[in-house]
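# Fold and geometry: a report
Residues per chain are reported as follows:
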Amino acid sequence: MEAVGYSTCRIWLLFLLFWLGQGRQMAPPGFVESSCHSRIFWMKLNKLLLQGKFFQLEINDPYAGPLLLDEKLASRCGYVLSEDVWGNPIFRASVLGCHVANEADELFSLTVNIKVSSFLSMRAAVTYTYPMYCSYSSWASREIMCEENYMEVSVKTDVPAVSNDYTVAWMSALPETQNVAYQLWQLMFVSPSGRKRITVSDAAKLGYSFNNTLSRVYLRAPYHSNESDISMVSGVNMNMVTSTSMYRQRWLLLLIDTTVSCPVDGISFTDTALTWTVPSVIPTLVVQESTFLSKNILMGVDDQVIANPEEKNYLLEHNETLIRITIPIGAEGGKLKSSISGGIYGIIYSIDLFLEHTWTDADWQTTKYTVIKSITTPFMPQIPTVINNTLPEERLFNVAFGHFLPDVSLVTIAVGNVPFTLREAQHQGFKIYETPFSNRTKGFLLEVSFDDPYVLKEYVNRNETKYTLLINYTLSVGPEMTLYYHSAEVECVIADIELPEAVGYCDEENMYLAIPTFGLHQYWNLYLGNKLLSRHVALTNGYLAVTNSTHLILQIPLFAAGVVYEEVSFQKIKARFDVALKKVRTMDTLQMFSVRCSFNSSEFIVCHPDGTIMVSAQMKTVPAIDMSKTKLRDSSCKPREHDEQHAFFKFHVTTCGTSARFEADHIIYENEISYEKETLPEQSIPTITRDPDYRLTVLCYYRAKETLVLGAFASEPSTSPPFGSGTMVPRSNIAVHRRVRQALNVVSRVSKDESFMEFYEPNMAILKQPVEPVFLEVELKDKSPDTELYLENCWVTGSLESNSRPRWNITVDGYEINGSEYAAEFCPVAASPRVRHPSHFKRLAVRTLAHRLEQVYVHCLVAACSPANTLPGSPCTGQRSSNRERNAFPGHSAASLQGYVFAGPVWIVDPDLR
């Protein structure tokens, strides 16, 4: 009759549960999954349907109504609320938990309310009511559940008598049982600190839960309570609660062993696997170990039993003392998650395991021991690798960056320190895509051409280019979307540069070098000794540099600076010109470009670095003179060789009466070739003349900082000291029609601007643009303030020879001439500290109207006037004839004092060549 009444109550309870559910919403499809494993309710919520929302769980008690689930209620009532490795909320409940409807210890039901809101305060929450059902009838005599937050033991109430091993201890406790209240369950805890007997209600206050069902008694205890103890069993720490449940009636004293013990560690890790160890035999649970017999061991993942662990690469092994489960890192059933720790990328592996061990012994017949364990590895650094799959033959960087889990994504990428979004990078021409790897990871592949402007290029070795790709990756890691940064540098060196080969050739007066322009100034430069061969240096040294689409053509006059004279003899010169090809950055010499030529020259001067001067002088006089009788200042210094018109002298700057003087930063060595004739040759009519003896001044210019090297010619081009520059100036005019007596002490100089305050140094090339004036100043060195200087005739030529062709007149008889090629204009002269007598100065601005590259000299015949030499018809009268002649050398009075000056060279260049 009692059984019928109990069944009727359960029916009414189910009806009440149905009635309470009315008016509540059912959970949407796919939101909730549930199952019943062994004696546990399992419920999983779909995290995708909870994104951006908050939720709470309520336990729906059929009598007390909904109760909010919190940590305290969960551990006391046998509930667990956590997340699985995928982030889905998980709810587990023991079938013996609070508020579970129990039908004869076989059918169990529990209703949960799931409240979902968009607000943390849970206002406007939607409540989904979800009932769960579990059928479990195969109860063992004793069942122990080790959950994450509680330990639970349940035993049948018809258990056998107490073991003899405990008889003495229990009999000693019997006096305490005399105080047990009738028909009231009480608990006695035994710990190292002693015994404690409390009522069930007092135990609940300490976090315990005790109750009985139709056929079972159970105790649920929290971990690490005051009544618990820690003991080590086979290397595993066990949390143990030793307790006895007591119930007394007038004719009966019921003592039930409700001791429970669960592992609190036993987890170990390697780089490749995790291991979970649980003792096979737990002494506090198996008193008579000799009767212990292991019947069955099962393992599972989540709520699923794994029948064949080896198929998933799990290892389940056991012996008499231990049960060990080994799971490879990344194995199926668990989850790998990317993480960042201290700026380092790594992974974390999580898996939810359970172990079910069934054994028998003489005391308990059958014990089912279940442990549920969520295991998460510590952070394991995984330094990403950059795999260089660059294809040099395709001139393409191919860089793979990995290995990453699927929860990592590429956000931005910087190439050459310039950031790009993925779309911008694709638009730039970079190819970026994900590539899978064999271990279920992925990488990011980047392809960039060597020729991309963001690739760094460096010329290395002789003919190689080092291409460097600087990459900065920005990745989003894990569900937290933490940003991770990684930089990489990839290099590739290939031989893709062809060194230039120069071609040299010569004409009668010049040497030429044709050098390919590819790579000039980018990889290498041309050097003249240790000086960069720029256009300015070329023009200053008298070279002509012309470029076309492929080559630089360098014209080097025979007597230009930098020419090495390997062999000099009478009317013959063997010369060499060297240019070094050097790397731009390191200045390493890659190769020397040289051109060698032999020249037949009738007139030259060579100023050798060791101070030797070699002169081949050509003397054209009417009538001819005997060249064998020419000499230097020291009359003992005679020609080495000679013919009818030439004389060859070779002497040192320290011999033959050579003098030296300093001008600016130059040392000028001077000597003189002369012919002292008493009379003209016999076949000529003797004539008395006031003309001086024939003289040819020889000048050699050396830079003062460059010490003369005494010795033989140097053979190494790179170490050869520079030659000096030489000039021969006739002391008698070599005009075509008549000789002009050089009786005036005049000097010329070129000013840098119209102020005539700053002047170019002697023998220095001057660069001017077309139409830009050359400011020429001529000064008469005379102490008489009454003397006045005049520029009679001035003209422009392309060489130092005053009578060379072509030539252009710029002043005639003191008048400016404005021609098609050149124009001249006199500039006023005012007194100043430097100009004491303005009449001693004449200034002329000369402009070129030709838009071409050329070298020019300005020549002038000058006259000086004073009251003592002013004659009719001379320039000093200030009179000009309306039909004045415009010959090359116009006539002038025999009584006037004349002189000759020149200026140059002046280079007329295009603006972009300066």
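About the criteria used
Residues numbered from 1 in each chain as written. Predicted model: local features only at pLDDT ≥ 70, side-chain atom pairs only at ≥ 80, totals over all residues. Heavy atoms only, no water. Helix = DSSP H or I, 4+ residues; strand = E, 2+ residues; numbered from the N terminus. Areas by Shrake-Rupley, 256 points an atom, 1.4 Å probe, with all protein chains shown as cover. Salt bridge = Lys/Arg side-chain N within 4 Å of Asp/Glu carboxyl O. Buried < 20%, exposed > 50% of the residue type's maximum accessible area, 1.4 Å probe, protein only. Pairing = 2+ DSSP bridges. Patch = residues over 30% accessible without salt bridge, like charges linked within 9 Å, V, L, I, M, F, W, Y side chains within 5 Å. Core = buried A, V, L, I, M, F, W, Y, C linked by side-chain atoms within 4.5 Å. Contact = heavy atoms within 4.5 Å. Phe/Tyr/Trp six-rings, centres within 6.5 Å; stacked < 30°, edge-to-face > 60°. Axes fitted to C-alpha atoms, helices over the stretch in contact; angles between N-to-C directions. pLDDT = per-residue confidence, 0-100. Disulfide = S-S within 2.5 Å.

### A closer look at the overall build of the protein
For the protein, the count of helices and strands is 6 helices and 65 strands. If you sum the accessible surface of the protein, you get close to 45,200 Å²; carbon and sulfur atoms cover 52% of it.

### Details of the pattern of salt bridges
Counted under the stated rule, the structure contains 32 salt bridges. The shortest N-O distance in the salt bridge between Lys205 and Asp202 comes to 3.9 Å. Taken as a pair, Lys205 and Asp202 lie in helix H4 (residues 200-205) at a separation of 3 residues, close to a single helical turn. Owing to a relative accessible area of 70%, Lys205 belongs among the exposed residues under this scheme. Relative accessible area serves as the criterion here: at 33%, Asp202 is assigned to the partly exposed category.

### Thoughts on the pairing of strand E21 (residues 273-279)
With 7 of 7 residues buried, E21 lies mostly within the body of the structure. Because side chains alternate across E21, one face comprises the buried residues Ala273, Thr275, Thr277 and Pro279, and the other comprises Leu274, Trp276 and Val278, equally buried. Counting the residues in the hairpin turn of strand E20 (residues 267-269) and E21 gives 3 residues. Inspection of the sheet shows E21 paired to strand E25 (residues 322-328) by 7 bridges, in the antiparallel sense. Residue pairing for E25: Thr277 is matched across the bridge by Arg324.

### Side note on a nonpolar patch on the surface
There is a patch of nonpolar side chains on the surface, built from Val411, Leu483 and Tyr485 and spanning about 290 Å² of accessible area. Checked against the element boundaries, Leu483 lands in strand E38 (residues 482-494). The class for Leu483 is partly exposed, based on a relative accessible area of 42%.

### Structural notes on the nonpolar core
Grouped together as the largest cluster of nonpolar side chains are 83 residues, with contacts concentrated most on Ile327, Tyr369, Phe397 and Leu469. In this structure Leu469 touches Phe397, Val399, Val415, Leu446, Val448, Val455, Ala488, Glu489 and Val490, once residues within four positions along its chain are discounted. Residues Leu526, Val537, Ala560 and Phe604 belong to the second largest nonpolar core, which totals 39 residues.

### Some details on the packing of aromatic side chains
By the definition in use, this model includes 31 aromatic pairs. For the pair Trp359 and Tyr369, a centre-to-centre distance of 5.8 Å together with 45 degrees between the ring planes defines the contact as tilted. Placement of Trp359 in strand E27 (residues 344-361) and of Tyr369 in strand E28 (residues 365-376) is noted, with a sequence separation of 10 residues between them. Looking at Trp359, the relative accessible area reads 1%, which means it is buried.

### So, the sheet that holds strand E63 (residues 841-848)
An order of E56-E58-E63-E62 is seen for the 4 strands of this open sheet, with the pairing classed as antiparallel. The sheet terminates laterally at strand E56 (746-751) and strand E62 (822-827), the two strands that pair on one side only. This sheet shows a mean twist of 25 degrees between the axes of neighbouring strands, independent of strand direction. Of the pairings in the sheet, the one linking E56 to strand E58 (residues 774-780) comprises 6 bridges and is antiparallel in character. Residue pairing for E58: Ser751 is matched across the bridge by Phe775.

### Description of the sheet that holds strand E40 (residues 510-516)
Read from one edge of the open sheet, 4 strands run E39-E40-E44-E43, paired in antiparallel fashion. Either end of the sheet is taken by a strand with one partner, and the two such strands are strand E39 (503-506) and strand E43 (544-547). Adjacent strand axes in the sheet meet at a mean angle of 15 degrees when their direction is disregarded. Judged from the 4 bridges that link them, E43 and strand E44 (residues 551-557) form a sheet pairing that is antiparallel. Its bridge partner being in E44, Thr547 is matched across the sheet by Leu552.

### A few points about the confidence of the model for the protein
The predicted model of the protein has a mean per-residue pLDDT of 83, with 83% of residues at 70 or higher. Under a pLDDT of 50 for its full length, residues 159-172 has, in the predicted model, 15 contacts with residues more than four places off or in other chains. This model gives residues 679-692 a pLDDT under 50, and the stretch forms 6 contacts once residues within four places in sequence are excluded.

### Section: the state of the cysteines
In total, this model carries 7 disulfides according to the counting rule given. Between the sulfur atoms of Cys77 and its disulfide mate Cys98 the distance is 2.3 Å. The S-S bond linking Cys77 to Cys98 shows a torsion near -85 degrees; that makes this disulfide left-handed. Highlighted residues: Cys77 in helix H2 (residues 71-77) and Cys98 in the loop between strand E6 (89-94) and strand E7 (101-103), separated in sequence by 21 residues. Neither Cys77 nor Cys98 differs from the other in exposure class; each is buried. What pairs with Cys607 in a disulfide is Cys700, and their sulfur atoms sit 1.8 Å apart. Looking down the S-S bond of the Cys607 and Cys700 bridge, the torsion is -85 degrees, so its handedness is left-handed. Of this pair, Cys607 sits in strand E48 (residues 604-607) while Cys700 sits in strand E54 (residues 694-703), and the two are 93 residues apart along the sequence. Residue Cys607 is classed as buried on the basis of its relative accessible area, which comes to 1%.

### Comments concerning unusual backbone geometry
Note the cis peptide between Gly402 and His403, where omega equals 5 degrees. Relative to the helices and strands, His403 resides in strand E31 (residues 396-404). Cis rather than trans, the peptide bond between Gly904 and Pro905 has omega equal to 0 degrees. Notably, Ala124 is not glycine yet its phi reads approximately 55 degrees, a positive angle. Mapped onto the elements, Ala124 comes out in the loop between strand E8 (107-117) and strand E9 (126-135). Even without being a glycine, Arg440 presents a positive backbone phi close to 65 degrees. Inspection of the secondary structure assignment puts Arg440 in the loop between strand E34 (431-436) and strand E35 (442-449).

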